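Architecture at a glance
Here is what each chain is made of, one letter per residue.
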Amino acid sequence: MSAPQWLDAWDPSDGAERAAASFRTRFGTEPDGIWSAPGRVNLIGEHTDYNGGLCLPINLPHRTYVALRRTFRSGPGGADVEEVRLASAQEPDAGVWSSTLADIGPGTVTGWPAYAAGVAWALRREVDTLGGFDAVVDSCVPYGAGLSSSAALECAFAVALDDAFHLDFGADDAGRAILAAACIRAENEIAGAPTGGMDQSSSLRATAGHALLLDCLDNSVRHVPFDLEASGLALLVVDTRAEHQLSDGQYAARRATCDAAAAQLGVVTLREVDPGALEEALAGLTDDVVTADVARRRVRHVVTEIARVTELVALLDAGRPGDIGPLLDASHISLRDDYEVSCVELDLVVESARAAGALGARMTGGGFGGSAIALVEVDRVGAVAAAVADAFAAQELTAPAFLVAHASDPASRTV
Ligand code: GLA
């Protein structure tokens, strides 16, 4: 028996104090405040966001904390040089990264600062009131686990800059959608990861106790009550520890195939393909970027997955969360066989969790590693986690890590 490893979220006051302490060490002064943003886990609706589809993420209790202070350093004419200095408590031996707002742009920043500085760059395109700042980050969002550590970083900076520079976007959902758009630009254009918008929308717009039904066609949202505990259920998240990398070619290749298929079908996004007329639509696809067979399977995943989101939301609306398991299973099979974004470790989580009594399970996030979710009766959480850990040990795979997800608060000021 291998004892499961649990990934605990920090208490927000601890996270804030960690970030503040690191800020004092790095910059020798107090920050103006501490802001934080959560990672997310998607219940269903995978690889649908960049197809104008539906997805249904919840925020995790795991958050990234930013301690930030506005600065003013005068240049030759007395104006602010708008210096940006960044440090990470996770990299205590690394130096302080620095640049100026004017020098931040596509291709000028690498590594984690791209996600932070990129948000400042994107917001600067919206407003001209942003100036220089010092910031330190710390985080308990598992890194490389497909739980949106990058979106948590971006969104923590978005709310920090919004608040510190009085941009006033964070006060309502419409403004938060603008912040999310800035974070998406940062990720796409500065960090160079061609992701959709689900992660940033969740971190900024999903609320505690609710899943976020995000319609990526018009960016509208509905907050769907999501309280598994009341039904004696839990959402077990398993980090396979098989690292995924969204900026590699596979994610971009899936997007390109979807775009090419939509063009062949004469629609702007695959959202417009009527699930009832799917077979006819598939027959219209020919060899193009990929073979017609591959394009058909990719399109079938997207169209059926969007339909599964609607079905799952209907079950939640009807107070039947215990019945969503078959939709989770179907989503996994579709991602594994049609979209081909699963991997040995993700399949093993799903199989071993189901064999141990999970009511349904699927990979979540971009795939090729990262995490899977399992719907489990509350009193079976430990047993299912132990069974998954054993299955990994039996195959001599790196031990996975576990957490139980509760739909948590969006990005905001912490202190
Ligand atoms: C990653 C991306 C998201 C989304 C998912 C797949 O998490 O960041 O935009 O495309 O993959 O659903």
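Located above this text is the structure these notes cover.
Every chain is numbered independently, its residues counted from 1 as its sequence is written. Since the coordinates come from a predicted model, pLDDT governs what is reported: local features require at least 70, and pairs of side-chain atoms require 80 or more to be given and counted, while whole-chain, interface and lining totals use all residues. With hydrogens and water excluded, all non-hydrogen atoms of the structure serve as input to the side-chain values.

1. Here's the deal with the packing of aromatic side chains
Whether two aromatic rings pair depends on their centres lying within 6.5 Å, for rings of Phe, Tyr and Trp, where Trp uses its six-membered ring; planes under 30 degrees apart make the pair stacked, over 60 edge-to-face, and the rest tilted. In the structure shown here, the tally under the stated rule is five aromatic pairs. Between W6 and F402, the ring centres sit 5.6 Å apart and the planes meet at 45 degrees, which makes this aromatic pair tilted. Residue W6 is located in strand β1 (residues 5-6), and its partner F402 is located in strand β13 (residues 401-405); the two are separated by 396 residues in the primary sequence. Residue exposure (1.4 Å probe, protein chains only): buried if accessible area is under 20% of the type maximum, exposed if over 50%, otherwise partly exposed. Residue class for W6 comes out partly exposed when judged on its relative accessible area of 39%. To qualify as a helix, a DSSP run of H or I must reach at least 4 residues; to qualify as a strand, a run of E must reach at least 2; elements of each kind are numbered from the N terminus.

2. Observations regarding the site of the ligand
If you check the shell around the ligand, you find 14 residues, and the closest are E46, H47, D49, D199 and Y251. The term polar contact refers here to a pair of N or O atoms within 3.5 Å; inside protein, the definition further demands a hydrogen-donor-capable atom paired with an acceptor-capable atom, and it admits residues adjacent in sequence only when both atoms are side-chain atoms. Here G366 contributes a backbone N or O atom positioned 3.4 Å from an oxygen atom of the ligand. Expressed as a share of its isolated accessible area of 310 Å², the protein-covered part of the ligand is 98%. The cavity that encloses the ligand is the largest pocket. A breakdown of the residues in the shell around the ligand according to their chemical character gives four nonpolar, six polar and four charged. Distances are taken per atom, and a residue is near a molecule or strand as soon as one of its heavy atoms is within 4 Å of it. Methods summary: accessible areas were calculated by the Shrake-Rupley approach with a probe of 1.4 Å, and residue burial reflects only the protein chains presented. Grid points spaced at 1 Å and placed over the protein atoms alone form the basis of the search, with a cavity being a set where a 1.4 Å probe fits but cannot get out and a pocket an open set showing protein on both sides within 12 Å along at least five of seven lines. Lining residues have an atom within 4 Å of a point. Those molecules having more than half of their atoms within 2 Å of a cavity or pocket grid point set are described as sitting in that cavity or pocket. Amino acid classes used here: Ala, Val, Leu, Ile, Met, Phe, Trp, Tyr, Cys and Pro are nonpolar; Asp, Glu, Lys and Arg are charged; the rest, including Gly, are polar.

3. Side note on empty space enclosed by the protein
The method is simple in principle: a probe with the dimensions of a water molecule rolls over the atoms, and the space it marks as empty is what remains. Grid points are joined across faces, edges and corners, and a volume is the space filled by probe spheres set on the points. Applying the stated criterion to the full structure yields two cavities of 30 Å³ or more. Estimates place the volume of the largest cavity at around 60 Å³. Together, T257, A260, A261, Q264, L285, T286, D288, V289, V290 and A295 line the largest cavity. Broken down by element, the residue count for the lining of the largest cavity peaks at four residues, all from helix α6 (residues 249-265). A breakdown of the residues in the lining of the largest cavity according to their chemical character gives six nonpolar, three polar and one charged.

4. Overview of the sheet that holds β1
Think of it this way: DSSP has to see at least two bridges between two strands before they count as a pair. With respect to topology, five strands assemble into an open sheet ordered β1-β13-β10-β12-β11, the strand pairing being mixed. Each having just a single partner strand, β1 and β11 (360-363) make up the two edges of the open sheet. Sheet strands touched by helix α10 (residues 344-355): β10 (233-239), β11 and β12 (371-377). Its angle to β11, the strand with the most contacts, is close to 175 degrees. The sheet contacts of helix α11 (residues 381-394) involve β1, β10, β12 and β13, and relative to β10 the element is tilted by about 20 degrees. Contacts are assigned to residue pairs with any non-hydrogen atoms lying within 4.5 Å of each other. Each axis is a line fitted through C-alpha atoms, taken for helices only over the stretch in contact, and angles between the N-to-C directions span 0 to 180 degrees.

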